[in-house]
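Examining the three-dimensional arrangement
Each chain, written out:
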Amino acid sequence: MAKYYDVDDILAEEELVPAVFQHAANGIGLFDSSDDTNKVEAGSKVELPFWLVCELYLRQLVSIRVPPCFDKESKTREEIGADAAHVDLRSRCPYFYELGCKIAPLIGDKTIGPFLLVAFRIRYKEVLIKAHTLTLTVAPKYLTLLTNEEAKLYEAGQSSIAAFKKWRMGGPRLQIAPLLGRKRKPTG
Amino acid sequence: MAASSDSQASAFSAAELEFLAEDEMIEIVPNMRMDSLNFVSGDFGPFRPQIATQVPLWLAVALKKRGKCMIRPPEWMSIEKLTQVLEAERDSEKFQPLPFHYVEISRLLFDYAREDIQDVYMVRSLIEDIKDVRFHKIGTGLEIISRERTYALRLKNLSAMEANIVRPFVTRALETFYKLSSPEMIQESDHLSNRQPQVTNRGPRRQLKDR
């Protein structure tokens, strides 16, 4: 809720988080589609968006399980430890850092913070190199590995370089408005 | 969104920087006779044939376009100076002092006053080389942000254009690093740093280039 007008912040809260219902609840069968009784049993596992889990958790209706991309025993941690720069984080969680920042204080997992920092540190270097060297034709393939935050960083670097190159190449300094110059059709 | 649009808005476009660079003073040798010009920014002139005078770059370019003067390239644009700078730039880790708007000024002069610069091709390729060396240094220098906690970067002798190019990238990166290494994310992982008073310790300020 920190940034009300931030679209990315809102979208980050849409990410699904696994949770376990502590109490049985009626009328919300759509969360747990396995039965038709329109109720959720205590102890059933569901995946809910973060904003909902957060509220339910504060009311002690559900318990949160750590999402697979942050879990201590998960593959993601091992892969980040091995070669962080080439892990496809986008497919795991496009809002990796944002969600991590939100979920860590909520569940009180102190290992998530350092884990995120290490991951970003190593991946930052890769983005730095790529952003200032890659040509536009190679870029899209690499971009699919980046999370939202990293992709924006990459674009910030890339676009300023591109703008500079364009300026240096020159071209017309004064641009003619497209409206001008076609008042009359050329005759012959 | 708010943060990202802010960092975008703070950046100038290259053309805007060129506009700012046009306020730099430069020496011209007029070939016409004219009284001094009184502008808000100051009085320039009077203009007498073959008597050198200082004017802003925009005025010099305007006069040059009309064939009313010859522009004297600034001292740092001589081959000897540039060769020195290039060598020093290659040898040293630090950035060499150059005019704040050297990229823009050199481009304006190459565009409008080619015939007034001696050995224009040589000068041009020297400046290109210097620029490339410096850009490469910036690229490698920025890696240090990731090494340790960094809250600020000191950009000594960085020119306007260079600073402007890295600005969006660096501000974003620093923001994210700051967010991820904020005390609430990295709590109690190291007890020592927590004991220190938080207010006084604003973290190290890094040189863009470690010595």
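Just so you know, these numbers come straight off a predicted model, no measurement behind them.

For the rest of this paragraph, the subject is the overall build of chain B. Counting its secondary structure elements, chain B contains eight helices and seven strands. The proportion of buried residues among the 211 residues of chain B is 43%. Split by element, the accessible area of chain B, about 11,800 Å² in all, is 52% carbon and sulfur.

Residue and element names in this part refer to chain B. The domain boundaries assigned to chain B delineate domain 1 (16–72) and domain 2 (73–186). Put simply, the middle of domain 1 and the middle of domain 2, counted by C-alpha atoms, are 28 Å apart. For the pairing of domain 1 and domain 2, the buried interface totals around 1,300 Å² over both sides, and the portion due to carbon and sulfur atoms is 75%. Between domain 1 and domain 2 we count two salt bridges in total. Between Lys64 and Asp116 there is a salt bridge; the shortest N-O distance is 2.9 Å. Remark: the boundary between domain 1 and domain 2 carries three residue pairs in polar contact (both at pLDDT 80 or more). Put simply, the parts of the chain that give the side of domain 1 that touches domain 2 at least two residues each are α2 (14–21), α3 (57–65) and β5 (69–72). Here the side of domain 1 that touches domain 2 is built from residues that sort into eight nonpolar, no polar and six charged.

In this section: the pattern of salt bridges. Across all of its chains, the model carries 16 salt bridges over all chains by this definition. A:Arg168 serves as the salt-bridge partner of B:Glu128, at 2.8 Å between the closest nitrogen and oxygen. Of this pair, B:Glu128 sits in helix α6 (residues 120–141) while A:Arg168 sits in helix α8 (residues 148–169), on two different chains. According to the relative accessible area criterion, B:Glu128 is partly exposed, its value standing at 29%.

Counting residues at the interface gives 37 residues for chain B and 34 residues for chain A. For the chain B and chain A pair, buried surface summed over both sides reaches about 3,400 Å², with 67% attributable to carbon and sulfur atoms. Counting the surface chain B buries against chain A, the share from its top three residues, B:Arg107, B:Phe169 and B:Met185, is 21%. Applying the counting criterion to the chain B and chain A interface returns two salt bridges.

Let's shift gears to the nonpolar core. Core analysis: the largest hydrophobic core is formed by 58 residues, its most contacted members being A:Phe70, A:Phe96, A:Tyr124, B:Leu142 and B:Phe169. Of all the secondary-structure elements, those providing two or more residues to this core are β1 (16–21), β4 (45–49), α2 (50–58), β5 (62–64), α5 (96–107), α6 (112–133) and α8 of chain A together with α7 (160–180) of chain B. For this core, the element with the highest residue contribution is α6(A), accounting for ten residues. Setting aside residues up to four positions removed in sequence, A:Phe70 forms contacts with A:Arg77, A:Phe96, A:Leu99, A:Gly100, A:Ile103, A:Ile112, A:Phe115 and A:Leu116. Core analysis: the next-biggest nonpolar cluster, separate from the first, contains 41 residues, A:Ile161, A:Phe164, B:Cys69 and B:Val123 among them.

To continue, consider the sheet that holds β4(A). Residue and element names in this part refer to chain A. Ordered by their spatial adjacency, three strands build an open sheet running β4-β1-β5, and the pairing between neighbours is antiparallel. With one partner strand each, in any of the chains shown, β4 and β5 form the two edges of the open sheet. Taken pair by pair, the neighbouring strands of this sheet meet at an average axis angle of 45°, ignoring direction. Relative to β5, β1 runs antiparallel, the two sharing three bridges. Each bridged residue has a counterpart across the sheet, and for Val20 the counterpart in β5 is Ser63.

What follows concerns the domain arrangement of chain A. Residue and element names in this part refer to chain A. Each assigned domain of chain A is listed with its residue range as follows: domain 1 (1–65) and domain 2 (68–170). Approximately 1,100 Å² of surface area, both sides summed, lies buried where domain 1 meets domain 2, with 70% of it carried by carbon and sulfur atoms. Considering only the side of domain 1, the residues that lose the most area to domain 2 are Asp8, Glu15 and Phe50, jointly responsible for 44% of the buried surface there. Residue Asp9 is joined to Lys102 by a salt bridge in which the shortest nitrogen-to-oxygen separation is 3.2 Å. Summed over the shared surface of domain 1 and domain 2, the result is five residue pairs in polar contact (both at pLDDT 80 or more). Taken together, the elements giving at least two residues each to the side of domain 1 that touches domain 2 come down to α1 (7–12), β1 and α2.

The UniProt entry lists residues 14–71 of chain B under the feature "domain: DNA replication complex GINS protein PSF2 N-terminal" (unreviewed entry), expressed in the numbering used here. This span, residues 14–71 of chain B, is 29% helix and 33% strand, and a straight line between its end C-alpha atoms measures 23 Å.

What follows is about the sheet that holds strand β1 (residues 25–30) of chain B. Residue and element names in this part refer to chain B. As summarised here, the arrangement of the three strands in space is β4-β1-β5, forming an open sheet in which the pairing is antiparallel. Two strands bound the open sheet, and with one partner strand each, they are β4 (53–56) and β5. Across the sheet, the axes of successive neighbouring strands diverge by a mean angle of 45°, strand direction being ignored. Where β1 meets β5, four bridges bridge the pair, whose relative direction is antiparallel. Bridge assignment links Val29 to a residue of β5, and that residue is Met70.

Let's shift gears to the UniProt feature "domain: GINS subunit" (unreviewed entry) in chain B. The feature "domain: GINS subunit" (unreviewed entry), as given by UniProt, occupies residues 76–176 of chain B in the numbering adopted here. Between the end C-alpha atoms of residues 76–176 of chain B the distance is 39 Å, and the span holds 62% helix and 3% strand.

Quick look at the environment of B:Gly139 now. Here B:Gly139 lies in helix α6. On a C-alpha basis, the gap between B:Gly139 and B:Val166 in space is 8.9 Å, while along the polypeptide they are 27 residues apart.

Calculation rules
Once a new chain begins, its residue numbering starts again from 1 and follows that chain's sequence as written. Written order determines the labels here, with chains lettered from A and ligands numbered from 1. Local features in this predicted model are restricted to residues whose pLDDT is 70 or higher, and side-chain atom pairs enter the listing and the counts only when it is 80 or higher, whereas totals over whole chains, interfaces and linings include all residues. For side-chain calculations, the full set of non-hydrogen atoms in the structure is used, while hydrogens and water are omitted. Here a strand is any run of E in DSSP of at least two residues, a helix any run of H or I of at least four, and the numbering for each starts at the N terminus. Only protein chains enter the accessibility calculation, which uses a 1.4 Å probe; a residue whose area is less than 20% of its type maximum is buried, one above 50% is exposed, and one in between is partly exposed. The Shrake-Rupley method, run with a 1.4 Å probe sphere, supplies the accessible areas, and residue values consider only the shown protein chains as cover. These domain boundaries are the output of an automatic or database domain assignment. Reported buried area values correspond to the accessible surface (1.4 Å probe) lost by two parts on association, with both partners' losses combined. By definition, a salt bridge exists where a carboxyl oxygen of Asp or Glu is found within 4 Å of a side-chain nitrogen of Lys or Arg. Pairing of N or O atoms within 3.5 Å defines a polar contact, subject to two protein rules: one partner must be a possible hydrogen donor and the other a possible acceptor, and residues neighboring in sequence count only if both atoms are side-chain atoms. The nonpolar class holds Ala, Val, Leu, Ile, Met, Phe, Trp, Tyr, Cys and Pro. Asp, Glu, Lys and Arg form the charged class, and all remaining residues, Gly among them, are polar. Pairs of residues are marked as contacts when any of their non-hydrogen atoms sit within 4.5 Å. Only buried residues count toward a nonpolar core. Its members are Ala, Val, Leu, Ile, Met, Phe, Trp, Tyr and Cys residues joined through side-chain atoms within 4.5 Å. Between any two strands, pairing holds if DSSP finds at least two bridges. Geometry is summarised by axes, namely lines fitted to C-alpha atoms with helices restricted to the contacting stretch, and by angles between N-to-C directions that run from 0 to 180 degrees. UniProt positions are given in the numbering used here, feature names are shortened, and annotations may be inferred rather than shown by experiment.

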